[in-house]
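This is what each chain is made of:
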Amino acid sequence: MKASKFIALIVILIVGLPVLTAQPVPTGDPKDFRVKPCLHSVSYAGVWRGQALLSVDEFLVKAKELGFDAVMLVAKRPHLSPLDYDDAARKRLKARLDELGLTLVALAGYTDFTAGVDKPGIPHAEIQATYLGEVAKLARDLGCNMVRVFTGYERPDVPFDRQYAIVVEGLKAAGKKAAEYGVTLVVQNHHDIGLHHDAMHWLLKEVNLPNVKAGWDAWAPTLQKLTREEIRESVIKMKPYIVHTIVADYVRLPRFKYENNLTNYLRQEDVLRAVPVGEGIIDYKAFFDALREIGYQGYIAYEMCEVLDGGGSIENLDKTARKFLDYLKQYEASSLGSSTKRAAK
């Protein structure tokens, strides 16, 4: 061990400061990319119409049976709310994870920092930062050092910059609280504010905390109608921050509304429905190629978080989750073959 690292370790041990590691940021070397699948418990949380619900323990057993070695857990009811897990329950859950040989990659926090922005008398950002602090403590107790978070949805009739400032305030407060437990927050490109890669990059630079990083997904840029090359550029832009990604695939179903005065139908925005990875509109090969290009080192989490083709029965959820693993294996095999051909030239 180098002297500088040894001294830093001693200082940490003496002062009692947490080591903020989470998952390392991309290295820039494609050789460091690894396909590491992870199953998100929202896939079995009964959150959408017809979706089956498993308990936390049932989900852990299910993930192992399906062939996953890593999981991500919903940090709210009906799964893993800090309200329901005292010290003894946390120890039991950690022991169960160890018994099953499962790595707990992250807890999924649920935030919307702009909620209640029109009622400034209520400290919503502080309330949510406190919640994330409790989730970070729960993560630490379970041997996990990462919590997924969201920014905020834009509210009408409230100045944008006021809403943006609340998101920054909330992420800073939550990040500092999470740091007390050695936990990194990963901001998913999910809510309105910071959705585009340029906006998210700016946001994270403004938050400017070493333990506030990005969970960068392909589906949001696809729905923004970014091209394949623009999605690649989004990954490259976010390279300094990406430590996590969540995968889901969708198809568009056209919607129309009858207009009586026109005796015709007016086109509405499409509704999206979930399908197995590789069967929808998202080019995951291109996205994974971009992650490989930047030397991404994190896990690839899978979620079934919308009405799914074939329904929400346990059997269909299981079949779809296995298809995700099959897709990753096929991608890995094809990528290995391409690398071998390039090396032979």
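Residues numbered from 1 in each chain as written. Predicted model: local features only at pLDDT ≥ 70, side-chain atom pairs only at ≥ 80, totals over all residues. Heavy atoms only, no water.

## Here's the deal with unusual backbone geometry
Leaving glycine out, the prevailing phi sign among residues is negative, and the prevailing peptide bond configuration is trans. In this model, arginine 77 is joined to proline 78 through a cis peptide bond whose omega is 15°. Structurally, the position occupied by proline 78 is in the loop between strand E2 (70–74) and helix H3 (87–100). In this structure, asparagine 208 takes a positive phi of about 55° despite not being glycine. You can see asparagine 208 is positioned in the loop between helix H6 (197–207) and strand E6 (212–215). The backbone phi angle of threonine 263 is positive, close to 50°, even though this residue is not glycine. With respect to the element layout, threonine 263 can be found in the loop between strand E8 (249–259) and strand E9 (264–275). (Helix = DSSP H or I, 4+ residues; strand = E, 2+ residues; numbered from the N terminus.)

## Concerning the sheet that holds strand E7 (residues 242–247)
Spatial ordering of the closed barrel is given by E1-E2-E3-E4-E5-E6-E7-E10, a layout of eight strands whose pairing is parallel. Strand-to-strand, the axes of this sheet are offset by a mean angle of 30°, without reference to chain direction. In this sheet, strand E10 (residues 300–302) lies alongside E7 in parallel orientation, the contact comprising three bridges. From the neighbouring strand, valine 247 faces E10, where its bridge partner is tyrosine 302. Its contacts with the sheet place helix H4 (residues 124–141) against strand E3 (103–108) and strand E4 (146–149), and it is angled at close to 150° to E4. Sitting on the sheet, helix H5 (residues 160–179) touches E4, strand E5 (184–188) and E6, and the angle it makes with E5 is about 145°. (Pairing = 2+ DSSP bridges. Axes fitted to C-alpha atoms, helices over the stretch in contact; angles between N-to-C directions. Contact = heavy atoms within 4.5 Å.)

## Overview of the packing of helix H2 (residues 56–66) against H3
Between H2 and H3, the least distance of the axes is 11 Å, while the angle of their chain directions is 15°. Judged on the interaxial angle alone, H3 and H2 are roughly parallel. H2 and H3 meet at a crossing whose hand is right-handed. The segment H2 lies against H3, with Val56, Asp57, Leu60, Val61 and Lys64 engaging Leu93, Arg96, Leu97 and Leu100. Among the residues making up the contact of H2 with H3, the classes are represented as six nonpolar, no polar and three charged. (Parallel < 35°, antiparallel > 145°, perpendicular 65-115°, else oblique. Left-handed = near helix turned anticlockwise from the far one by under 90°. Nonpolar A, V, L, I, M, F, W, Y, C, P; charged D, E, K, R; others polar.)

## Some words on the packing of H6 against helix H8 (residues 228–237)
The interhelical angle for the contact between H6 and H8, taken along N-to-C directions, is 5°, at an axis separation of 9 Å. Here H6 lies roughly parallel to H8, going by the angle between them. Contacts between H6 and H8 involve His197, Asp198 and His201 on the former and, on the latter, Glu230, Ser234 and Lys237. Residues of the contact of H6 with H8, tallied by class, amount to no nonpolar, three polar and three charged.

## Focus: empty space enclosed by the protein
The full count for this structure, using the stated rule, is one cavity of 30 Å³ or more. Considering only enclosed or pocket space, the largest cavity measures out at about 30 Å³ in volume. Contributing to the lining of the largest cavity are Ala248, Asp249, Tyr250, Ala274, Val275, Tyr302, Glu303, Met304, Cys305 and Leu308. At the level of secondary structure, the elements contributing two or more residues to the lining of the largest cavity comprise E8 and E9. Of the residues contributing to the lining of the largest cavity, the split by class is eight nonpolar, no polar and two charged. (1 Å grid on protein atoms, 1.4 Å probe; cavity = no way out; pocket = protein on both sides within 12 Å on 5 of 7 lines; lining within 4 Å. Points joined across faces, edges and corners; volume = space filled by probe spheres on them.)

## Side note on the confidence of the model for the chain
Close reading of the predicted structure is inappropriate where its pLDDT is low. Of the residues in the chain, 90% have a pLDDT of 70 or more, and the chain-wide mean is 93. Contacts from residues 4–20, a stretch scored under 50 in pLDDT, to residues over four places away or in other chains number 14 contacts. (pLDDT = per-residue confidence, 0-100.)

## What to know about the layout of surface pockets
There is about 350 Å³ of room inside the largest pocket. Around the largest pocket, the lining is made up of 19 residues, and of these His190, Tyr250, Glu303, Cys305 and Glu306 lie nearest the centre. Residue composition of the lining of the largest pocket, by class: 12 nonpolar, three polar and four charged.

## With respect to the pairing of E2
E2 sits mainly inside the fold: five of its five residues count as buried. Pairing between strand E1 (residues 37–40) and E2: two bridges, direction parallel. Across the sheet, the residue bridging to histidine 40 is methionine 72, located in E2. Read as a crossover between parallel neighbours, the route from E1 over H2 to E2 is right-handed. As defined by bridge partners, E2 adjoins E3 across five bridges and the pair is classed as parallel. Looking across to E3, one finds that valine 71 is bridged to leucine 104. Viewed along the sheet, the connection from E2 through H3 into E3 turns out right-handed. (Buried < 20%, exposed > 50% of the residue type's maximum accessible area, 1.4 Å probe, protein only. Right-handed = clockwise from strand over helix to strand, strands pointing away.)

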